[in-house]
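Here are the chains, one letter per residue:
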Amino acid sequence: FTGQGRTDEALALLQAQIDRGERPQAATMAAVQTHLRAGHPDLARAFLDKQLAKTPQDRDLRLLAAGLDAQSGKLDAAIATYRALIAEDPTEEPPVRLLHGVLAASGQPAEASAVLDAGLAAQPATRSLRWLKAGELERDGKIEQAIAHYEGLYAEDSSDIVVANNLASLIASFHSDAENLARAEAISRRLRGMDNPAFQDTYGWIAFLNGNLYGAVAHLEPAARGLPDDALTQFHLGMLYDAMGRAPEAIAQFDRALTLAAVSPNLAALPQMKQAATLRATLQAKLDAAAKAATSP
C-alpha cells in the first residue's frame, strides 16, 4: 500500500467501527487524528462535524472541536466552546487547562489567570491547575507564593522531577541563607548529569553557590547554550565566569542577561539583574583601568 492507501484503509476501518456502534467516540477521535497526520485538517473537521451532528452534547468531541478551532486560528470559537464546557461542569480539568492556555498564548494574561483561579476554586486539589498557578505566580514575580505552591506539590509527590527542579531553582535563586541553600541542594541532587538545560541550570547554580565550580561549569555552560533566551540562566553563567576570573566572558554574559530581561518589567526588576548591571560596570571599569595602565608610559 502507498501512504495514502494505508490512510484510506485505516479510515475505512474506523468508519466501520463507528457504524457498528463499537466505541464510536474513540473511533471518531482516532479518525480525526488520522486526517490531521495525513495533512488534511479540513477533512478532519468535516468528519468531526458529521459525528457531532449525531451527538451534539458529547463533551469529548466538543473539546476536540475546540482544539481544532484553536489550531486553525479560530480563537473566539475555541474560547466559546471551552467556556461552555466549563459552565456545564466546572470540576472538569481539561477545558480549564486548555482555555487558560489559549488565553495566555493570545495575549490575555488577566483573563487566563481569572479562568485558572475559578478552576482552582471548583477543583482545588487538581495537580495540573496548581502547577499552572505556581508558574503564573513565578512569572508575575510573586516568588514566595510560587514557592509555597511548589512545596505543596513536592510534598505530595517528590518524584515529580519538574516540580523538584522548579522548587529547587526558586529557593536557590531567591534565598541565600544556609538552611534554604541546603534544602535546595538536597532537592536538586537528582538533577545532576541530566541532559535537560533547565535541570542543568538549577543543579549548576546550586553547585556554584556551594563553591563547587567544577560541577557548576559542567552544568551551566550547556544550560546557557540550551536556554539562549533565558535571562537568569545567562546571569548564572556570568556569575560563574566572574568567580573564575574570566572577566570578558562574564561581561558578555551579563550583557546578554540584561538584554533578555529588558523585554519584561518583571524580569528587569529582579535583584539578579541589578546585580548583573553593577558587576558588569565594575568588571568593565577594572578592564579599562588595566588597559590604560598597560599603555601608559
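Residues numbered from 1 in each chain as written. Predicted model: local features only at pLDDT ≥ 70, side-chain atom pairs only at ≥ 80, totals over all residues. Heavy atoms only, no water.

### Comments concerning the overall build of the protein
Working step 1: Per the secondary structure count, the protein includes 17 helices and zero strands.
Working step 2: A compact globule built from 297 residues would reach a C-alpha radius of gyration of about 19 Å, whereas the protein, at 25 Å, exceeds it by more than 25%.
Working step 3: Dimensions of the protein along its principal axes, counting C-alpha atoms only, are 90 × 45 × 35 Å.
Working step 4: Split into buried and exposed, the 297 residues of the protein put 40% on the buried side.
Working step 5: Look at the contacts in the protein between residues 6 or more apart in sequence, and 45% of them connect residues 24 or more apart.
Working step 6: Across the protein, the mean location of the 28 positive side-chain charges is 2 Å away from that of the 36 negative side-chain charges. (Helix = DSSP H or I, 4+ residues; strand = E, 2+ residues; numbered from the N terminus. Rg over C-alpha atoms; globule rule 2.2 N^0.38 Å. Buried < 20%, exposed > 50% of the residue type's maximum accessible area, 1.4 Å probe, protein only. Contact = heavy atoms within 4.5 Å. Lys, Arg positive; Asp, Glu negative; His and termini not counted. Charge placed at Lys NZ, Arg CZ, Asp CG, Glu CD.)

### Some words on the packing of aromatic side chains
Working step 1: A complete count under the given rule lists three aromatic pairs for this structure.
Working step 2: Taken together, a centroid distance of 6.0 Å and an interplanar angle of 55° make the contact between Trp205 and Phe235 tilted. Placement of the pair is Trp205 in helix H12 (residues 197–209) and Phe235 in helix H14 (residues 231–243), with a sequence separation of 30 residues. We note that Trp205, like Phe235, is buried.
Working step 3: Between Phe235 and Phe254, the aromatic rings sit 6.1 Å apart at their centres with planes inclined by 40°, giving tilted as the arrangement. (Phe/Tyr/Trp six-rings, centres within 6.5 Å; stacked < 30°, edge-to-face > 60°.)

### Focus: the nonpolar core
Working step 1: Residues Tyr150, Leu167, Ile187, Phe235, Leu240, Phe254 and Met273 are the most contacted members of the largest nonpolar core, which totals 46 residues.
Working step 2: Those residues in contact with Phe235 that sit more than four places away from it in its chain are Trp205, Phe254, Ala257, Gln272, Met273, Gln275 and Ala276.
Working step 3: Judged by nonpolar contacts, the second largest core, of 17 residues, contains Ile79, Leu85, Ala112 and Leu132. (Core = buried A, V, L, I, M, F, W, Y, C linked by side-chain atoms within 4.5 Å.)

### Things to note about the pattern of salt bridges
Working step 1: The final tally for this structure, using the stated rule, is 17 salt bridges.
Working step 2: Where Arg59 meets Glu88, a salt bridge forms, and the shortest distance between an N and an O atom there is 3.0 Å. You can see Arg59 sitting in helix H4 (residues 59–71) and its partner Glu88 sitting in helix H5 (residues 75–88), a full 29 residues away along the chain.
Working step 3: The exposure class assigned to Glu88 is partly exposed, which follows from its relative accessible area of 46%.
Working step 4: The salt bridge partner of Lys133 is Asp117, with a shortest N-O separation of 2.8 Å. With Lys133 in helix H8 (residues 127–139) and Asp117 in helix H7 (residues 109–122), the pair connects residues that are 16 residues apart, well separated along the chain.
Working step 5: Look at Asp117 and you get partly exposed, because its relative accessible area is 35%.
Working step 6: Several salt bridges converge on common partners, so that one network encompasses Arg59, Arg62, Glu88 and Glu92. (Salt bridge = Lys/Arg side-chain N within 4 Å of Asp/Glu carboxyl O.)

### Quick word on helix H9 (residues 143–156)
Working step 1: Its 14 residues place the ends of H9 20 Å apart at the C-alpha level, agreeing with the 20 Å of an ideal helix rising 1.5 Å per residue.
Working step 2: Along H9, the residues classified as buried are Ile143, Ala146, Ile147, Tyr150, Leu153 and Tyr154. End-on, the buried residues of H9 take up no more than an arc of 125°, which puts them together on one face. Exposed residues on H9 whose side chains face more than 90 degrees from its buried face are Ala155 and Glu156.
Working step 3: Those residues of H9 hidden inside the fold are in contact with H8, helix H10 (161–174) and helix H11 (178–188). (Expected span 1.5 Å × (residues − 1). Arc of directions from axis to C-beta.)

### Quick notes on the packing of H10 against H11
Working step 1: The contact between H10 and H11 brings their axes to 9 Å, and the two run at 155°. Comparing the axis directions of H10 and H11 gives the class roughly antiparallel. Like other packed secondary-structure pairs, H10 and H11 cross with a definite hand, here left-handed. Contacts between H10 and H11 involve Ala164, Leu167, Ala168, Ile171 and Ala172 on the former and, on the latter, Asn180, Arg183, Ala184, Ile187 and Ser188.
Working step 2: Across the contact of H10 with H11, the residue classes tally to seven nonpolar, two polar and one charged. (Axes fitted to C-alpha atoms, helices over the stretch in contact; angles between N-to-C directions. Parallel < 35°, antiparallel > 145°, perpendicular 65-115°, else oblique. Left-handed = near helix turned anticlockwise from the far one by under 90°. Nonpolar A, V, L, I, M, F, W, Y, C, P; charged D, E, K, R; others polar.)

### So, the confidence of the model for the protein
Do not read the fine detail of predicted coordinates wherever pLDDT is low.
Working step 1: On average, residues of the protein score 92 in pLDDT, and 98% of them are at 70 or above.
Working step 2: The least confident element of the protein is helix H1 (residues 3–19), whose mean pLDDT is 73; the most confident is helix H15 (residues 247–261), at 98. (pLDDT = per-residue confidence, 0-100.)

### A look at the layout of surface pockets
Working step 1: Estimates place the volume of the largest pocket at around 600 Å³.
Working step 2: Lining of the largest pocket is provided by 27 residues; of these, Glu138, Ser169, Leu170, Asp230 and Leu232 occupy positions nearest its centre.
Working step 3: Taken together, the elements giving at least two residues each to the lining of the largest pocket come down to H8, H9, H10, H12, H14 and helix H16 (265–268).
Working step 4: With six residues, the single largest contributor to the lining of the largest pocket is H10. (1 Å grid on protein atoms, 1.4 Å probe; cavity = no way out; pocket = protein on both sides within 12 Å on 5 of 7 lines; lining within 4 Å. Points joined across faces, edges and corners; volume = space filled by probe spheres on them.)

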